[in-house]
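Residue-level listing of the chains:
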Amino acid sequence: MKGVIASIAPDANVVDITHDVPPQDVRHGAYALGTTYRYFPADAIHVAVIDPGVGTRRRPIAVRTSHGTFVCPDNGLLSYVIADAGTRLQRDAFEMGRVAPPAEWQAYQLTNEEYWVHPLSSTFHGRDIFSPTAAHLANGVPLHDLGVSVIDLSAFALPQPREVPGTAIGQVIHIDRFGNLITNLRRAHLPAGPLRIRVAGQVIEGLAKTYQDSVDILALIGSGGTLEIAFPNANAARSLGASLGDSVHVDSVR
Amino acid sequence: MKGVIASIAPDANVVDITHDVPPQDVRHGAYALGTTYRYFPADAIHVAVIDPGVGTRRRPIAVRTSHGTFVCPDNGLLSYVIADAGTRLQRDAFEMGRVAPPAEWQAYQLTNEEYWVHPLSSTFHGRDIFSPTAAHLANGVPLHDLGVSVIDLSAFALPQPREVPGTAIGQVIHIDRFGNLITNLRRAHLPAGPLRIRVAGQVIEGLAKTYQDSVDILALIGSGGTLEIAFPNANAARSLGASLGDSVHVDSVR
Amino acid sequence: MKGVIASIAPDANVVDITHDVPPQDVRHGAYALGTTYRYFPADAIHVAVIDPGVGTRRRPIAVRTSHGTFVCPDNGLLSYVIADAGTRLQRDAFEMGRVAPPAEWQAYQLTNEEYWVHPLSSTFHGRDIFSPTAAHLANGVPLHDLGVSVIDLSAFALPQPREVPGTAIGQVIHIDRFGNLITNLRRAHLPAGPLRIRVAGQVIEGLAKTYQDSVDILALIGSGGTLEIAFPNANAARSLGASLGDSVHVDSVR
């Protein structure tokens, strides 16, 4: 992929975000993209290739938003970027569906083979479609030259926190490489007063501020702005046997 | 290595291909190099350091080809690049030997210590010989200044497919990080008609086009242009107990 | 972190040294930094974020030395850089303490929030403090604008070799990704004459020059300039059950 970019757009500044997404784990990749793209310049071009459906009818797309242009398979990788723009799929947790992108976005299916590498493989579109497309965009090729406009995008229905009097109920939506459990509960979701957090059969009293505030399991607001469960200097997911989708309860104990 | 390059050639654009080659696995590194170099610009300088023999009499070399300049130990890392140029070693599978490079290539043993980092270690020539040499080449130092011309290069004898009436017989020559089994069988090697693939005691009927065409083991032509055995969303090498060198039979069942 | 740098200093040349430091292992990170920084240009800015104490009272710092500027938490990551400058903490092995930096260094605690990313998280200062600070330094912001001068820095007391007549006694101070045991014994520490090395219950006769000089366990002077114990094509730490801090004896057998 980098060779293709270097061949087409030798002056492009190529930055790796991560190569550690587990194979085929589109949700993990979507989270990585969703928590990093805003820290890049608004004119950055993001290439994301977690692509288990490569070669099938899933569409290759390029999407220009108000904060970044994305080149990737249309398989849910943009779920968090789409959610940031206020568009949500009304479905059960992590099911896949289609949503209309915000009116100010430009979304294209990549169909113009002139911008691809040939011979085209059916198993590595990262090299043959996504990278060369991104490089041509970096060179100034207009988006509308790449293919045909699309009116919907694939997205996971991201689980939404629920609130009952005195309790916020969220889910584990990501497990990072330290084993920390990242939830979908923002500070605004949490009830007032002293808090008790319940997850995977454990009870945690109160919110910590840093990973060093306890020698035992703790909860804090992490760098993505949501509640996170961690074991200082250890792997919380492994220690608790916790998994993606596990529910997390935060009770007010006032 | 990158610090050395940044010190000598600060404007060089350094691109990582992979740091995931298993330690000491020269054949794995040779495959990675052989399947990527053509996607880089023809004037790219490739530094490859899988170097279990570092400090021994194996020669450090720089080789300019019609598609890229290579700086590496002379230990077989260029086997696929050499084979692409039509030069083959007539030996049994994966044995090492020496071949004459194509007439239009320039091949030099690195002997001019002026272009090395000092004090020279005996265990990290990636830092002390290969990186500084590549950086000086990027700065325009001519190849013939680096050392003495050589007339042969080390190469693995890459296993060649055989054909008997109605059947092509190949080998597993690489296992990628997804566990897919990559063979040396190109489409042109395969017999005509409906196909049956036999590998590691398994039988696969027909060629798939994508990894999603089956929920079970499948065979397809991969991104390197050769037959590949894969398990959708799983690790074929581990599931089948398959290894490098395993034979793969493709029968015509017409 | 790279997005933040790209946003503030788009022309900066960002180089990855390693992302393979085990989580929370400050000593490992300190060694990686201590053995690489001298190979970079003297005006390079090094960002090091092994930061288990993120969000606590540990200070974020920027330190300009005669060979590189370092932006990192003040948690011992600079121990080897400080030792290279001749400043040593007189304590037992690997204990933490504070030392005065050399007079010609400039050391600042980062307190000027103008150069940080906001909202500031309490768990990812790599993104919110260290990266933007490094990017502003690359843009020419003077060090003294970043915060307040400090007069001491945290450092591990690096274990020092001892010598008794005929024997040098050192420690394993690092285990690299190949499993090689790196010690603190430089060639100058070793006694004269033929040598016998004792480590983890094993005895090795003589010094090798390369990893191929034996099919069994061997000792040689590694690329960092110190004695190293290795198993050719295998993992010495795992084979010997050796750990950080293990003692290594080198006897003269003349």
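Residues numbered from 1 in each chain as written. Chains lettered and ligands numbered in written order. Predicted model: local features only at pLDDT ≥ 70, side-chain atom pairs only at ≥ 80, totals over all residues. Heavy atoms only, no water.

Residues and elements named next belong to chain C. Of all 9 residues in helix α2 (residues 26-34), 8 are buried; the element is thus mostly enclosed. For α2, every residue scored as buried is listed here: Val26, His28, Gly29, Ala30, Tyr31, Ala32, Leu33 and Gly34. Among the structural elements, β1 (45-47), β3 (68-73), α3 (79-84), β7 (153-156), β9 (167-175) and β10 (181-186) are those in contact with the buried residues of α2. (Buried < 20%, exposed > 50% of the residue type's maximum accessible area, 1.4 Å probe, protein only. Helix = DSSP H or I, 4+ residues; strand = E, 2+ residues; numbered from the N terminus. Contact = heavy atoms within 4.5 Å.)

So, about the pairing of strand β3 (residues 68-73) of chain B. Across a regular strand the side chains alternate sides, sitting on one face of the sheet and then on the other. All names here are of chain B. For β3, a buried count of 6 out of 6 residues is recorded, marking the element as mostly surrounded by other parts of the structure. The sheet contact formed by strand β2 (residues 60-65) and β3 spans 6 bridges and is antiparallel. Looking at the pairing, Arg64 lines up with Thr69 of β3. Between β2 and β3, which pair antiparallel one after the other, the connecting turn spans 2 residues. (Pairing = 2+ DSSP bridges.)

On to the sheet that holds β1 of chain C. Strands belonging to one sheet form pairs held by backbone hydrogen bonds; the direction of such a pair is parallel or antiparallel. All names here are of chain C. Strand order across the open sheet formed by 5 strands is β1-β3-β2-β5-β6, with mixed pairing between neighbours. Edge positions in the open sheet fall to β1 and β6 (147-149), since each of these has one partner strand only. Averaged over all neighbouring strand pairs, the angle between strand axes comes to 25 degrees, with direction disregarded. As judged from the 4 bridges shared by strand β2 (residues 60-65) and strand β5 (residues 106-110), these two strands associate in the antiparallel manner. Following the sheet pairing, Ile61 is matched in β5 by Gln109. Each of β1, β2, β3 and β5 touches helix α4 (residues 125-138); the most contacted strand, β3, lies at about 160 degrees to it. (Axes fitted to C-alpha atoms, helices over the stretch in contact; angles between N-to-C directions.)

To continue, consider the relation of the copies chain C and chain B. For the pair chain C and chain B, the superposition axis carries a translation of 0.0 Å, the fit reaches an RMSD of 0.0 Å, and the rotation angle comes to 120 degrees. Such a turn and shift between the copies fits a three-fold axis. Minimal C-alpha separation from the rotation axis in chain C is found for Asn13 of chain C, amounting to 5.1 Å. (Least-squares fit on C-alpha atoms with pLDDT ≥ 70 in both.)

Take helix α4 (residues 125-138) of chain B next. Residue and element names in this part refer to chain B. The end-to-end C-alpha distance of α4, which contains 14 residues, comes to 18 Å, matching closely the 20 Å that a straight helix rising 1.5 Å per residue would cover. Of all the bends in α4, the largest measures some 30 degrees and sits at Ser131, one to four residues before the proline Pro132. A large share of α4 lies buried, amounting to 13 of its 14 residues. A positive backbone phi angle near 105 degrees is found at Gly140, which sits one or two residues after α4. (Expected span 1.5 Å × (residues − 1). Bend = angle between axes of the 7 residues up to and from the residue.)

Once that is clear, we can look at the pattern of salt bridges. For the coordinates displayed, the defined rule picks out 27 salt bridges over all chains. A salt bridge links Arg198 of chain B to Asp251 of chain B, with the nearest nitrogen and oxygen atoms 2.8 Å apart. Here Asp251 of chain B lies in strand β15 (residues 247-252) and Arg198 of chain B lies in strand β11 (residues 195-199), a separation of 53 residues in the sequence. With relative accessibility at 33%, the residue Arg198 of chain B sits in the partly exposed group. Judged by its relative accessible area of 10%, Asp251 of chain B is buried. Measuring nitrogen to oxygen at the nearest pair gives 3.5 Å for the salt bridge that ties Asp152 of chain C to Arg98 of chain C. With a gap of 54 residues between them, Asp152 of chain C in the loop between β6 and β7 and Arg98 of chain C in strand β4 (residues 96-99) connect regions that are remote in the sequence. The class of Arg98 of chain C is partly exposed, set by a relative accessible area of 47%. Through salt bridges with shared partners, a single network forms among Arg59, Asp74, Arg98 and Asp152 of chain A. (Salt bridge = Lys/Arg side-chain N within 4 Å of Asp/Glu carboxyl O.)

Attention now moves to the interface of chain C and chain B. With 18 residues of chain C at the contact, the number on the chain B side is 21 residues. With both sides pooled, the region where chain C packs onto chain B buries about 1,500 Å², and carbon together with sulfur makes up 55% of that total. Between chain C and chain B we count 0 salt bridges in total. At the surface where chain C touches chain B, the tally comes to 7 residue pairs in polar contact (both at pLDDT 80 or more). Residues that form the side of chain C that touches chain B fall into these classes: 9 nonpolar, 6 polar and 3 charged. (Buried area = accessible area lost by both parts, 1.4 Å probe. Polar contact = N/O pair within 3.5 Å; in protein donor to acceptor, adjacent residues only side chain to side chain. Nonpolar A, V, L, I, M, F, W, Y, C, P; charged D, E, K, R; others polar.)

Turning our attention to the environment of Ile17 of chain C. Residue and element names in this part refer to chain C. Positionally, Ile17 belongs in the loop between α1 (2-8) and α2. Taking the C-alpha atoms as reference points, Ile17 and Thr65, separated by 48 residues in sequence, lie 19 Å from one another. Sequence-distant contacts of Ile17, that is, excluding residues within four places in its chain, are made with Thr36, Phe40 and His46.

Going from His118 of chain B to Pro119 of chain B, the amide bond is cis rather than trans, its omega being 0 degrees. If you trace the backbone, Pro119 of chain B turns up in the loop between β5 (106-110) and α4. Backbone geometry places Gln24 of chain C, a non-glycine residue, at a positive phi of 70 degrees. The backbone of Ala200 of chain C shows a phi angle near 50 degrees, a positive value even though the residue is not glycine.

Turning our eyes to something else, we now look at the sheet that holds strand β1 (residues 45-47) of chain A. Residues and elements named next belong to chain A. Here 5 strands make up an open sheet; going across it, the order is β1-β3-β2-β5-β6 and the pairing mixed. Single-partner strands in this sheet number two, and they are β1 and β6 (147-149). Between one strand axis and the next, the sheet turns by 25 degrees as a mean value, whatever way the strands run. Along the sheet, helix α4 (residues 125-138) makes contact with β1, β2 (60-65), β3 (68-73) and β5 (106-110), crossing β3 at roughly 160 degrees.

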